[in-house]
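# Fold and contact review
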Amino acid sequence: MSSKENAAINQLLEKLERRYALRVLWALRDGHPQTFRLLQDSVGGITPNTLNTRIKELREEGLMEHGNDGYTVTPSGQDLLKRLSDLQAFATRWAAARAKK
């Protein structure tokens, strides 16, 4: 991987590693708009202040937007979630293997 590619992935991971950032995006993965309250409930355990901060950051990064019906992911956010969808299958297999121990 080139240094330019490393820089790009490091920048993305830095944004996604922020508390609840991935969970906010994941809650929007079905493509249906969510109001602030519904999004807060979907994420679970997130304070309004933290959710506001993550929304602001994710909007600035071009991964989510706010429309008339609520918050949704942008096409760029959809692309990211599509690429992360394999994570769910992996997590299911991983959890099942850990439960057998």
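Quick caveat: nothing in here was measured; it's all calculated off a predicted structure. (Residues numbered from 1 in each chain as written. Predicted model: local features only at pLDDT ≥ 70, side-chain atom pairs only at ≥ 80, totals over all residues. Heavy atoms only, no water.)

### Focus on the pattern of salt bridges
Operational definition: The salt bridge definition used is simple: a Lys or Arg side-chain nitrogen within 4 Å of an Asp or Glu carboxyl oxygen. A helix here means a DSSP run of H or I that spans at least four residues, while a strand means a run of E at least two residues long, and both kinds are numbered starting from the N terminus. A simple rule labels every residue: compare its accessible area, found with a 1.4 Å probe on the protein chains alone, to the largest value its type can have, and call it buried under 20%, exposed over 50%, or partly exposed in between.
Taken as a whole, this structure holds six salt bridges when the rule is applied. Notably, a salt bridge pairs Arg 18 with Glu 57, separated by 3.7 Å at the nearest N-O pair. Placement of Arg 18 in the loop between helix H1 (3-16) and helix H2 (21-27) and of Glu 57 in helix H4 (residues 48-60) is noted, with a sequence separation of 39 residues between them. Take Arg 18: its relative accessible area is 26%, and that puts it in the partly exposed class. The buried category is assigned to Glu 57, whose relative accessible area is 18%.

### Description of the side chain of Arg 54
Note the cut-off: Pairs of N or O atoms are called polar contacts if they sit within 3.5 Å, as long as, within protein, a hydrogen donor faces a hydrogen acceptor (for residues adjacent in sequence, only side-chain-to-side-chain pairs). Contacts between residues were defined by any pair of non-hydrogen atoms, one from each residue, lying within 4.5 Å.
Within the secondary structure, Arg 54 sits in helix H4. For Arg 54, the side chain forms a polar contact with the main-chain oxygen of Arg 19, separated by 2.9 Å. Polar side-chain contacts of Arg 54 include one of 2.8 Å to the side chain of Glu 57. Excluding its chain neighbours within four sequence positions, the residues that come into contact with Arg 54 are Arg 18, Arg 19, Tyr 20, Ala 21 and Val 24.

### Remarks on the nonpolar core
Inclusion rule: To qualify as a nonpolar core, a set must consist of buried Ala, Val, Leu, Ile, Met, Phe, Trp, Tyr and Cys residues joined through side-chain atoms within 4.5 Å.
Counting residues in hydrophobic clusters, the biggest one holds 18 residues, and the most contacted among them are Val 24, Leu 25, Leu 39, Val 43 and Met 64. Elements with a contribution of two residues or more to this core: H2, helix H3 (36-43), H4, strand S2 (70-73) and helix H5 (75-99). Not counting the four nearest positions on each side in its chain, Leu 39 is found in contact with Val 24, Ala 27, Leu 28, Gln 34, Leu 51, Ile 55, Met 64 and Tyr 71.

### Describing the environment of Pro 33
Of note, Pro 33 is situated in the loop between H2 and H3. Between the alpha carbons of Pro 33 and Asn 68 there is a distance of 8.9 Å; along the sequence they are 35 residues apart.

### Here's the deal with the side chain of Gln 34
In this structure, Gln 34 sits in the loop between H2 and H3. On the accessibility criterion, Gln 34 (6% relative accessible area) is buried. Apart from residues lying up to four places away in sequence, Gln 34 is in contact with Ala 27, Leu 28, Leu 39, Ser 42, Asp 69, Gly 70 and Tyr 71.

### Some remarks on the UniProt feature "domain: HTH hxlR-type" (unreviewed entry) in the protein chain
We apply this condition: UniProt positions are given in the numbering used here, feature names are shortened, and annotations may be inferred rather than shown by experiment.
Taken from the UniProt record, the annotation "domain: HTH hxlR-type" (unreviewed entry) applies to residues 17-96. Structurally, residues 17-96 is divided into 62% helix and 10% strand, and its ends, taken at the C-alpha atoms, are 25 Å apart.

### What about the environment of Gly 67?
Within the element layout of this structure, Gly 67 appears in strand S1 (residues 64-67). Judged by its relative accessible area of 33%, Gly 67 is partly exposed.

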